[in-house]
Amino acid sequence: MNILDFLVPSSIALHYPASDSKEVIAHLGKLLFDAGYVRETFVEAALDRESRLPTGLPLSGDVNAAIPHTEVEHVIKPGLAMATLSTPVTFQNMVSPEEAVPCQLVFVMALDQPKAQIEMLQEIAGILQNPSIIERLMSANDFEEVRTSFSNDHS
Amino acid sequence: MPMRKTILVACGTAVATSTVVAKSLEEILRDRGIDVVTRQCKASEVASMISGVDLVVTTTPLPGNLGVPVIQTLAFLTGIGKEAVITQIIQALKL
């Protein structure tokens, strides 16, 4: 499995100028809705879930990430949306929600069965642990550059 | 022969995160010759799932005083501090 098996090309926003985390979640959720991956309840559910159970992840490099997702009933089929942000927006830390994490990379996961699409999150975790992939991803300007960002053979 | 230890892995919705953490944990411990059983649940279900559990590993805050050791960590998602957390887990399991 590869992250490209999950990533929905029409649900990628590069250098997206968001003013807060809600705007990013709403935008990516809308793109997944337009592409037929999630129900119209998804955005509201993901925003609600994020406020109760935040998903900000501080990473080892300059860029931090967030992985908003929600319960399976709001999802039609599994898919992944992604945004790189022109300026960071604040998410709260998953493990210590009182802590603000400025995030510039956001993956919104549409998961339609508990435990079924863990490869999607495993692939994301692999990327989060690889600063050189993140660096390439953050400078990507189109889908082709996103696609090549994920391959490991760059030096 | 020591008893096989049971680790309860918790996250917010038990949709994906706890499964990824549990798999990663099982693999890493198995590579070190440690055989564990993992179970997964939502943070809100931990209190009702605690029976027979030796250790709780969570990616999200949990209510206090569960009667077993609790380790809060994002290391299995972000890689940060993974080695230290594994040491902590092995110590908490008293292996």
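Here the structure is a predicted model, which means the values were calculated and not measured.

Chemist: Help me understand the interface of chain B and chain A in this model?
Modeler: Accessible area lost upon the coming together of the parts is a frequently used measure of interface size. Contact residues are listed per partner, giving 19 residues for chain B and 24 residues for chain A. Elements that contribute at least two residues to the side of chain B that touches chain A include exactly helix 1 (17-31) and helix 3 (75-78) of chain B. Per element, the largest residue contribution to the side of chain B that touches chain A is four residues, and it comes from helix 1 of chain B. By residue class, the composition of the side of chain B that touches chain A is eight nonpolar, 10 polar and one charged.

Chemist: Please explain the pairing of strand 2 (residues 36-42) of chain B as it appears in this structure.
Modeler: In summary, the side chains of a regular strand alternate between the two faces of the sheet. All names here are of chain B. Bridge count for strand 1 (residues 5-11) against strand 2 is seven bridges, and the pairing is parallel. Pairing of Ala 10 across the sheet is with Cys 41, part of strand 2. Handedness of the crossover is the feature at issue here: the chain leaves strand 1, passes through helix 1, returns alongside strand 2, and the resulting connection is right-handed.

Chemist: Please explain helix 1 of chain B as it appears in this structure.
Modeler: Each full turn of the α-helix corresponds to 3.6 residues, which orients residues three or four apart in the same direction. Taking 1.5 Å of rise per residue, the 15 residues of helix 1 of chain B would be expected to cover 21 Å, and the 21 Å separating its terminal C-alpha atoms lies within 8% of that figure. Of all the residues in helix 1 of chain B, the buried ones are Thr 17, Ser 18, Thr 19, Val 20, Val 21, Ala 22, Leu 25 and Leu 29 of chain B.

Chemist: I would appreciate a short explanation of the sheet that holds strand 3 (residues 65-66) of chain A in the present structure.
Modeler: Pairing between sheet strands relies on hydrogen bonds along the backbone, with the strands arranged either parallel or antiparallel. Residues and elements named next belong to chain A. Reading across the sheet, the five strands line up as 1-4-5-3-2 and stay open at both edges, with mixed pairing between neighbours. Every other strand in the sheet has two partners, leaving strand 1 (7-16) and strand 2 (56-57) as the edge strands with one partner each. Pairing geometry for strand 3 and strand 5 (residues 100-110), over two bridges, is parallel. When the bridges of strand 5 are listed, Ala 65 appears paired with Leu 105.

Chemist: What am I meant to see in the sheet that holds strand 3 (residues 55-58) of chain B here?
Modeler: Residues and elements named next belong to chain B. Reading across the sheet, the four strands line up as 2-1-3-4 and stay open at both edges, with parallel pairing between neighbours. Bordering the open sheet on either side are strand 2 and strand 4 (70-72), each of which pairs with just one other strand. For this sheet, the mean angle separating the axes of adjacent strands, direction not counted, is 25°. Each of strand 1, strand 2 and strand 3 touches helix 1; the most contacted strand, strand 2, lies at about 170° to it. Of the strands in this sheet, strand 3 and strand 4 touch helix 4 (residues 82-92), which is tilted by about 175° from strand 4.

So, how was this worked out
- Residues numbered from 1 in each chain as written.
- Chains lettered and ligands numbered in written order.
- Predicted model: local features only at pLDDT ≥ 70, side-chain atom pairs only at ≥ 80, totals over all residues.
- Contact = placed C-beta atoms within 7 Å.
- Helix = DSSP H or I, 4+ residues; strand = E, 2+ residues; numbered from the N terminus.
- Nonpolar A, V, L, I, M, F, W, Y, C, P; charged D, E, K, R; others polar.
- Pairing = 2+ DSSP bridges.
- Right-handed = clockwise from strand over helix to strand, strands pointing away.
- Expected span 1.5 Å × (residues − 1).
- Buried ≥ 20, exposed ≤ 12 C-beta atoms within 10 Å, placed from the backbone.
- Axes fitted to C-alpha atoms, helices over the stretch in contact; angles between N-to-C directions.

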